[in-house]
Every structure is written in structure tokens, then in C-alpha cells.
Amino acid sequence: MTRGPCALALILALLPAVASAEFKLSELMQLLAAVPSARARFTETKDMALLNKPLVVTGRLVYVRPDRLERHVLTPNEERVVIVGSEVTVEDRARGRSRTFSSAAHPALLALVESLRATLAGDLAALERHFAVTLEGQRDAWTLVLVPRDAQMIQAIVRIRIGGVDGSVRRIEIDEASGDRSVTSIVEDPR
Amino acid sequence: MSARERAVIAIWLAVLVGCGAWLWARLVVTTDLSAFLPVASTRTQALLVQQLRDGAVSRMMLIGIEGAEGVALAQTSHRLAARLEHSQLFGMLANGDPARLAADRDAVAQWRYVLSPAVVSGRFTAPGLRAALEEDLDLLASPLGALIKRTLPEDPTGELRQLAALLAGQRGPRSQHDAWFSADGSRALLIAQTRAPGFDLDAQRRATSAVRDAFAEVAPPGARLLVTGPGVFAAESRQVIARDAERATLITAAGIVLLLFVVYRAWQPVALSTVPVLSGLAGGLAAVSAWFGPVHAITIAFGAILIGEAVDYPTYLFASAARGEDLRVTRNRIAATLRLAFLTTACSALAMLLSDFRGLAQLGVLTMAGILAAGLTTQYVLPLLAPASGFPRKAERPPFDADRVLSMMRRGSMAAWVLLAAAVLVIAAHGDALWDDDLGSLNPVPMAAKALDRDLRADTGAPDVRYVVIVQAPDREQALQQSERATTLLATAVERGLIGGFDLAARWLPSRQMQQARLAALPPADALQARLREAAAGLPFRDGVFAPFLAAVEQARAGPLLDRAQLGDTALGARVDALLYRFEAEWIALVPLSGVSDPVALRSLLVPLGASGVSLVDLKAEADTLVAGYRAQSLRLIAIGLFCVAALVYAGTRSLSATLRTLLPVVAAVAVTMAALLAAGQRLTIFHLAALLLVVGVGLNYALFFNRRATIAGDAERTLLALLVAAAATLLAALALAASRTPLLGAIGTTAALGTAVAFATSAMLSRKRP
């Protein structure tokens, strides 16, 4: 009567190996949380029902742990967006104007800001507060799929997919409820 | 009983029955707090005081919920709001719930072309539209695109953005879980406006209980409700004042009956003592009611002190009677002193009676009429009601060696002078800090309630407005037009950094003239379409995407103008009501200013509009002059009152030294009481003055009786006994009032108690040595 305990011991011994074969959310978060800061160039292509051709926006992104994100748009029009925590400041250089919003008051904005900020910070708790989170792929080609939990948020944004390699984000796809879509590709640029 | 005596009794009974009948039929009790606000002497002050009484502000209720975690608080806030809405007692109701602001947003969206200051003709030309579309495109490229995308087809010129910025510019409380919260997140906040006016205290009480009841039904365990607002204050302080007054009166009455019984050990003199007291109360209240109409609850509470004072006169009479003496004989012996005593006391109330302060004038009439009635009843009626053989009595003298104690006190007369000198020094040292200039100190509302109000006000971000531009015009339209004209100058003031910002009714209800001008800037449909096509050339907007915009502009052009009715129960409607209202034959538009850095420059900037009814008012300065004016008047009246008292005493005694001997203890008592209050860190208000006048009244009695020449054996001891009983009765009444929860009644009580004690002691110290 020794087979039972032996089989159990075998299963227990194998468990970590099985788990490591699959890339886990917690591991991804650890990788992301280890990044103190990042600089990148981006190209965003926005498909909108309002427009007869996609709007292409290019510029630079700067991220500083834990919650500062800057987006400098260079084309089509120079503009700087600074996100610190839940505050979004938009500086329109061409018109010499600056406006500050609290994303908390605008569900659509909150979804955009929180999805990116919490992902970059590796803050799973914050992500799960606003989204149902699933992870696909493996460590060198992962995709995080975020579906808003909040009823108001989901009226604006249906799904956000964030793709990346190791600890860096390479691609953001946003599907809006209106059918509008935005795809951002990101290239690291440590300059 | 002689025919003359029968006539006296008949007259007394007739007057008493008359007073009683009047009170039965006509007595109306009011607790309108503004009776204790100064009566305004200028038109500006008048309209500010009126606004405090029944303006939109007076209908505001601030509600806080605390004692649970955030989500539960927010939930309670939403449920409470739903119940209150159902009660129909409230018009505007806001708690930060976006759904609750939907009506406001809809109104802004629907009326955007008459509301938006950006609607000018240049905006709707081809170049103007082109600039707007380019800006839209940039916004679409930014993360903010998500916010404007939905409304862009109907609003490419961004009027909604303009108005949203204006709305957001009015700092509200912070939002969390779709509810308003205090800055530290510990308290959920609601703002409600009762449909009933602020001075309708029964309606205000119903509204307050509706909030409490609804809260009790929806609150999670441990959660607490905080409610404040002018109406809540008024309703609750009425209850507190009524309870305090009732309690003080009961304690005083019971205490005095007990005291008298201990002294007389017989029910007859005790019962007879109540005759002048009741006559005084009836006469005093009837006089107040006849003179002023509604009698303030605080005046009635003051009646408790009147009991303590009025009972002095029968005490002087009964205690001065020798064993078995007919009271008519006793009366004749002390008549001169007794008459002088109640006349001087009545006279000391002159200062209050002549005050412009309605509340204070009521106290003055009550004291004067009440004391006169009590004194006259004691002098002329009481001796006739008592048995001719006098009362059987036990106590003839104080329970100690009166001679020794009195001569000891007289030896201490130096101490009285030292005390007086010290008091004068203390008062002089406080100089400017003598007076409490805060109008709020006159408000008979407990301190805790005031602190709560301050907290909730700070939480909701309701600014403490000090500077306000006031526009006066013959009708609503002109008031709006004038305030719009002022807006141009005020915008300049904002640019130059003179002020931080301003709010005005015309922002949410523009004048018809302004609305027509804005609508005139909108081109007809075909022209707009052509210009839009020209503007959009080369831009990536899809064809026909702006059809809702063309329709909305056409609808605005053809539609009616916005008036107050269309804003309904929205928060915007409530704001318009608070800032634009009818006052007598005029319309008043208020433009509260925030962050005023240079009032002088601002005033000169507004000079050009002075002729058209626009003026800058410093509310604090107005309030200060209001209070200072009253103080100056009160001091003047007190001086007149004291002079009359001095003249009376001199007329009664025909002796300068006797007059001085009578007045000095009173002056000392007033000075020492003032000094003691100041040393205890209090500042004096008009109510302390009222209490000090009372001290003058009773102090004169003490001094007069201490100095009365004894004519028969045992007279001096009996007089001292009378004085002790009288002082104890007054002290009892004052202490009962001092224990009340209403700060105003408490201040009167404490001051009167302190003053009575000092007046008694100094009167004894400075009294004439017996031959």
C-alpha cells in the first residue's frame, strides 16, 4: 500500500515544472514592475467613423515609475500630454493653451489612463480593479487583454489589448464601443 | 377697605385681566433669528439682511454623512437623495451623482447657443469654422478625443466644451463613487434646497426631520448624519431656545418659591409674592406684544430673569414688616425707597428700549413695563391683599450677626475701590479687543452647530464670499444686462490679476438682449452649410458628419429664448435664484467675487458703471460698520439711561452724597463684571450690555436699600434679610439662565449672575454707617 503516497509525491514534484511552462500574470507584472523608466517612439493610427481616412499621430513616450507618463506628439501638431496619477494635463503648444482633467470624472479617459499606467507599473491590483484581465502568449510575445468592468466605461471602450516583449510594451490596440479603433506601435528609443 | 383702596384693586384687576386677554388673543411667539440681526441703515445692508432672512441662500441645506467606509457612504448618499426627492420638500438636490446632474447637462446642451460666450458672428464664418475644425482634429489626435468624439457631430465649434469649462470652473466638492466627498474622503456630502422659504420655520423643521427620517431608513450601522443650514439652524434653535427658556423659568420659579418658604415658613406671603411677579410678567409681555406684534422667544426666556428681579419688591415689603405690623404701615415706611428702586430699575432699561435692535428693544420694553407693573403692584395692591394683622413669621433677621458682618464689609470699602481701579485697568488694557465685531456672535445658535456649519461649508467648497458686486435695476432684464456689462470689466480684472474669478446669474440665464445677439450670430441653414463645406475642404472629416450641427443651429435660431422656468429644479436654476432676485420694487443681481487681491484698483475699475446701479460691496466692512454702529448707539443710550437714573436718585434723595453712594456700587459692579468677562477671554457683545443694564437695575435696588435710614427697632436686620433674599432670588434666576445651551441666553445669565454678586458686595461695602 505504498503507491498512493508515491504518486502524490510525484505529482507534487512535477507541479512547479508544469506551472513554469505557462507564462503567468504575476511574472509579467514582476517584469514590468522592475522597469524604473522607459523612453520610446510611437506611431498611433486612429480609425474613426468621423473621418474618411485614418489619423496618424507620431511622437515620443516617456515613462517614469510609478505613475508618470508623458506623451509628446510631434506630428500632425505639437502637443504634450502629461499624466501624473489620475491627473491628465494637455498642453496645446500651437494654441498656447493648457488644460488639466481628472480622469476620475471621465470613464473613457480613466480606462485609457489606468490601462496603461497600471500595466507599466506592473500594478495587477489596480488593473483588476477596473478590468477583467487575461494574459495570452509567452514571455517574449505576450498580450494582455483588458475588458472594462465598469458599466459606464464599457459604454465607451470595449477592449484594450496591450502586447509586449519581456518588460517592454510594444503595441496597444483599443476597441471602442462606437466601432472606432486605435492601434499604437511602440519602439524603444533610450535616447 | 376704603373706597380708594377698592378703586385701586379694581383698576389693578382690570389692567391685569386686560393684559391677560390681550396675551390670550394676540400673543404670537417668533424665533426669527434676524430679530437679533441689526436693522440695516443703508439700502445695501437692507438687501443683505433680507437675503439672509428669506433669500435662496436661506433655503440651502448642507448634509454630511460619515462613520462608514467610502462605498457605503456613497450608497447612502444616493439612497438618501432618492428618498428626499420623493418627499417633494426639496427643489434642487445635488450629491455629485452624474445621473442627478443629467438635467443640468441637458439644459446646457439644449441652450448652448444662447449660453455660450463664444457664440459671436466671426465664429460662424468660413475661417472661424475652419479654425474650429482644425482644433477638433487636434483634439481627436489626443487622448481627449475620447471625450469629445460623441458630441463632435452636433457641436464642432465646441460650445459644450466652453460651457463645461465654465461649469467646472465653479469648484465643487471632490467626487468619488459618483458622490461628493469632503477633501479627506471621510464624509459624503449633499446639497439640498427646500421649496419652503427660510423663515417658514415649521416647513424648515419638517424638511430637517424628513432628512433625519430618510437617513434613519437607509443608513448602514454606525453612520452618522450631519445637517446644517440657515433653515435648520432656525428650526433647531427655536426648539433649543424654547426648551432653555422653559427650563430656566421652571427652575427659577421653583427655586424662588422654595427660598421664600424657607424664609417665611408660611404659604401666604409666598403666594402673595407671586402676585407682583405675575402682574409684572403679564404687563411686560402684553406691552411687548402690543408694541412689536410677535414676541421673540428670547424675550420670553428673559422673562425668567424678570421673575428674579420682580420678586425683589414683595420681598423688600414682607421682610421689612415688623412682627404683626399691618403691611400698609410697612409700605408707608419704605415707600420712598421702594418707589425709587423700581423707578430707577425701569429707567435703566431705557437704553435697551430705545435701541434700533428689535430683539434688544423687546427686552427693554419687557423689563421696563414688567418692573413698573411689579413695583406698582407691590406698592399699591399688595398691602391691601395681605391680612391687616400682618403675617406670622419666623425669620426676623439673617442667620448671622448682621452688624458684625456689615461693619466688616464696610471696613473693606477700600477693597471696593481697589477692585474698581483694577477693573478699570483691565478694561483699559483690552482697549480695542473689548468688543466682538463678528456678526455671527449675535446669532443665538450653539457654537457646535456653527463649527459644523463651517466644516460642511468648507467641504462643499462653498466660498466665504467677502466681496460682491451688486447690480440694482428696475427689472430682471435690466439687472441681467447691467451685470453682463460689468462682466466685461470683471474679465479685465481677472486678466490683470485683481480677482480670481466671479459668478453671475447671467452666465446661466443671459439677458434677452444677449441671447438675441448670440442667435443673430448664427447664419441661416444654407449659408452655414456652404461655409462649413468651405471650411472642411481638405480636412479628413467624412461628408455629412455634421448634419446634427446644422440641425441644432437651425433649431436654436427658430426656437424661443431661455427663461428661468426652463431651468426648473436644476442646480443651475438654484444658482440663478441665489444670484438674481426681487427686492422690494427692484431686481438685484449679485456677482460674488473670489480671490480679490486689490479691492482699491477693482473699485476704481468699476467706477464707470457706478451710475448704472453697479457697486462693489465689502460684506465684512458692511457687517463691521453695522455692528459698530449699534455699539456706538448702545453706549450712547446707556449713557442717557445712567444719566436719567442719576437724576431720579438725586430727585428722590435730594443729596449729592447719597446719589454718589447709590451709583458708585453700580458702576463698580459693571466695571468689575466687564473686567472679569474680558479676563476670562470673552469679548463683549450687545447682549452682555443688555445683561449689564440689568445689573445696573438690581444693583440700584441693593444700594438704595442698604442706605435706607432705619426708623424702627430691628429695621436694619430685616432690611438686610430682605436684601439677602432679593439677591439670592436674582442670582438664582441668572444662574438658571447661565446654564442654558443657547450661547446668547448663557451670556446674559453669566453676566447677570456675576454682576448681581458684585453689586451686592460692593453695595454693602460702600453703604452708609449706621448712626
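Please read these numbers as outputs of a predicted model, since none were measured by experiment.

1. Points about the overall build of chain B
Piece 1. On a plain count of helices and strands, chain B comes out with 31 helices and 13 strands.
Piece 2. With 771 residues in all, chain B has 48% of them scored as buried.
Piece 3. The contacts in chain B between residues at least 6 apart in sequence include a share of 83% that link residues at least 24 apart.

2. Brief notes about the confidence of the model for chain B
Residues and elements named next belong to chain B.
Piece 1. Chain-level statistics for chain B give a pLDDT mean of 83 and a share of 93% at 70 or above.
Piece 2. The lowest-confidence element of chain B is helix H19 (residues 447-460), averaging 68 in pLDDT; the highest-confidence one is helix H11 (residues 267-292), averaging 92.
Piece 3. For this predicted complex, the interface confidence reaches an ipTM of 0.80, while the overall pTM sits at 0.66.

3. Focus: helix H20 (residues 476-495) of chain B
Residues and elements named next belong to chain B.
Piece 1. Taking 1.5 Å of rise per residue, 20 residues should cover 28 Å, and H20 covers 28 Å from first to last C-alpha, within 8% of that figure.
Piece 2. Along H20, the helix axis deviates most sharply at Thr488, where the bend reaches about 25 degrees.
Piece 3. Here H20 has its buried residues at Arg476, Ala479, Leu480, Gln481, Gln482, Ser483, Glu484, Ala486, Leu490 and Ala493.
Piece 4. In the stretch just after H20, Gly497 is the one whose phi turns positive, near 75 degrees.

4. Looking at the interface of chain A and chain B
Piece 1. With 22 residues of chain A at the contact, the number on the chain B side is 15 residues.
Piece 2. For the side of chain A that touches chain B, the secondary-structure elements that each account for two or more residues are strand E2 (55-64), strand E4 (79-84), strand E5 (87-92) and helix H3 (107-121) of chain A.
Piece 3. A breakdown of the residues in the side of chain A that touches chain B according to their chemical character gives 16 nonpolar, three polar and three charged.

5. With respect to the pairing of strand E3 (residues 68-75) of chain A
Residues and elements named next belong to chain A.
Piece 1. In the sheet, E2 pairs with E3 via seven bridges, with the strands oriented antiparallel. By the bridge assignment for E3, Thr58 is matched with Thr75.
Piece 2. Here E2 folds back onto E3 in antiparallel fashion, the turn holding three residues.
Piece 3. The sheet contact formed by E3 and E4 spans six bridges and is antiparallel. In the sheet register, His72 faces E4, and the bridge partner there is Arg80.
Piece 4. Between the antiparallel neighbours E3 and E4 lie three residues.

6. Details of the packing of helix H10 (residues 230-264) of chain B against H11 of chain B
The packing of two helices is summarised by the inter-axis angle and the distance between the axes.
Residues and elements named next belong to chain B.
Piece 1. Remark: H10 packs on H11, axes separated minimally by 8 Å, with the N-to-C direction vectors making an angle of 140 degrees. On the basis of their axis angle, the class for H10 and H11 is oblique. At the point where H10 passes H11, the crossing takes the right-handed sense. Of the residues in H11, those in contact with Val257, Leu260, Phe261 and Tyr264 of H10 are Pro269, Val270 and Ser273.
Piece 2. In the contact of H10 with H11, the residues fall into six nonpolar, one polar and no charged.

7. Focus: unusual backbone geometry
Piece 1. Non-glycine residue Asp166 of chain A carries a positive phi angle of around 50 degrees.
Piece 2. When you line up the elements, Asp166 of chain A lands in the loop between strand E9 (157-165) and strand E10 (168-176).
Piece 3. Given 14 C-beta atoms within a 10 Å radius, Asp166 of chain A is considered partly exposed.
Piece 4. One non-glycine residue, Glu584 of chain B, adopts positive backbone phi at about 50 degrees.
Piece 5. Mapped onto the elements of the fold, Glu584 of chain B is located in the loop between strand E11 (580-583) and strand E12 (586-594).
Piece 6. Judged by local crowding, Glu584 of chain B falls into the exposed class, with 10 C-beta atoms found within 10 Å.

8. With respect to helix H21 (residues 512-520) of chain B
All names here are of chain B.
Piece 1. All of the buried residues in H21 are Met514, Gln515 and Arg518. The arc enclosing the buried residues of H21, seen along the axis, measures out at 100 degrees, which places them on a common side. Structural note: H21 exposes Gln516 and Ala520 on the side pointing more than 90 degrees away from its buried face.
Piece 2. Packed against the buried residues of H21 are helix H5 (112-115) and H20.

9. A few points about the nonpolar core
All names here are of chain B.
Piece 1. Of all hydrophobic cores here, the largest spans 138 residues; its most connected members are Ala301, Ala304, Ala690, Leu693, Val695 and Leu737.
Piece 2. In terms of residue count, the dominant contributor to this core is helix H29 (residues 686-706) (17 residues).
Piece 3. Setting aside chain neighbours within four positions, we find Ala301 in contact with Ile241, Asp244, Ala245, Ala248 and Leu745.
Piece 4. Residues Phe124, Val471, Ala479 and Leu602 belong to the second largest nonpolar core, which totals 89 residues.

10. Digging into the pairing of E2 of chain A
Piece 1. Across ten bridges, the pairing between strand E1 (residues 37-47) of chain A and E2 of chain A is antiparallel. Each residue of the ladder has a partner; that of Arg41 of chain A, found in E2 of chain A, is Arg60 of chain A.

11. Looking at the packing of helix H13 (residues 312-320) of chain B against helix H16 (residues 358-385) of chain B
Residues and elements named next belong to chain B.
Piece 1. At a minimum axis separation of 8 Å, H13 and H16 run at an interaxial angle of 30 degrees. By the angle between their axes, H13 is roughly parallel relative to H16. Packed against H13, whose contacting residues are Tyr313, Pro314 and Leu317, the element H16 presents Ala374, Gly375, Thr378 and Leu382 at the interface.
Piece 2. Of the residues assigned to the contact of H13 with H16, the class counts are five nonpolar, two polar and no charged.

12. A short note on the environment of Val64 of chain A
All names here are of chain A.
Piece 1. Along the chain, Val64 falls in strand E2.
Piece 2. C-beta crowding within 10 Å serves as the criterion here: with 14 such atoms nearby, Val64 is assigned to the partly exposed category.
Piece 3. Sequence-wise, Val64 and Ala38 are 26 residues apart; in three dimensions their C-alpha atoms are separated by 6.7 Å.

13. What about the environment of Leu272 of chain B?
All names here are of chain B.
Piece 1. Position of Leu272 relative to the elements: it lies in helix H11.
Piece 2. A residue is classified by how many C-beta atoms lie within 10 Å of it, and Leu272, with 23 of them, is buried.
Piece 3. Between the C-alpha atoms of Leu272 and Leu385, which are 113 residues apart in sequence, the distance is 7.9 Å.
Piece 4. The residues touching Leu272, leaving out its near neighbours within four places in the chain, are Pro314, Leu382, Leu385 and Ala386.

So, how was this worked out
- Residues numbered from 1 in each chain as written.
- Chains lettered and ligands numbered in written order.
- Predicted model: local features only at pLDDT ≥ 70, side-chain atom pairs only at ≥ 80, totals over all residues.
- Helix = DSSP H or I, 4+ residues; strand = E, 2+ residues; numbered from the N terminus.
- Buried ≥ 20, exposed ≤ 12 C-beta atoms within 10 Å, placed from the backbone.
- Contact = placed C-beta atoms within 7 Å.
- pLDDT = per-residue confidence, 0-100.
- Expected span 1.5 Å × (residues − 1).
- Bend = angle between axes of the 7 residues up to and from the residue.
- Nonpolar A, V, L, I, M, F, W, Y, C, P; charged D, E, K, R; others polar.
- Pairing = 2+ DSSP bridges.
- Axes fitted to C-alpha atoms, helices over the stretch in contact; angles between N-to-C directions.
- Parallel < 35°, antiparallel > 145°, perpendicular 65-115°, else oblique.
- Left-handed = near helix turned anticlockwise from the far one by under 90°.
- Arc of directions from axis to C-beta.
- Core = buried A, V, L, I, M, F, W, Y, C linked by C-beta atoms within 7 Å.

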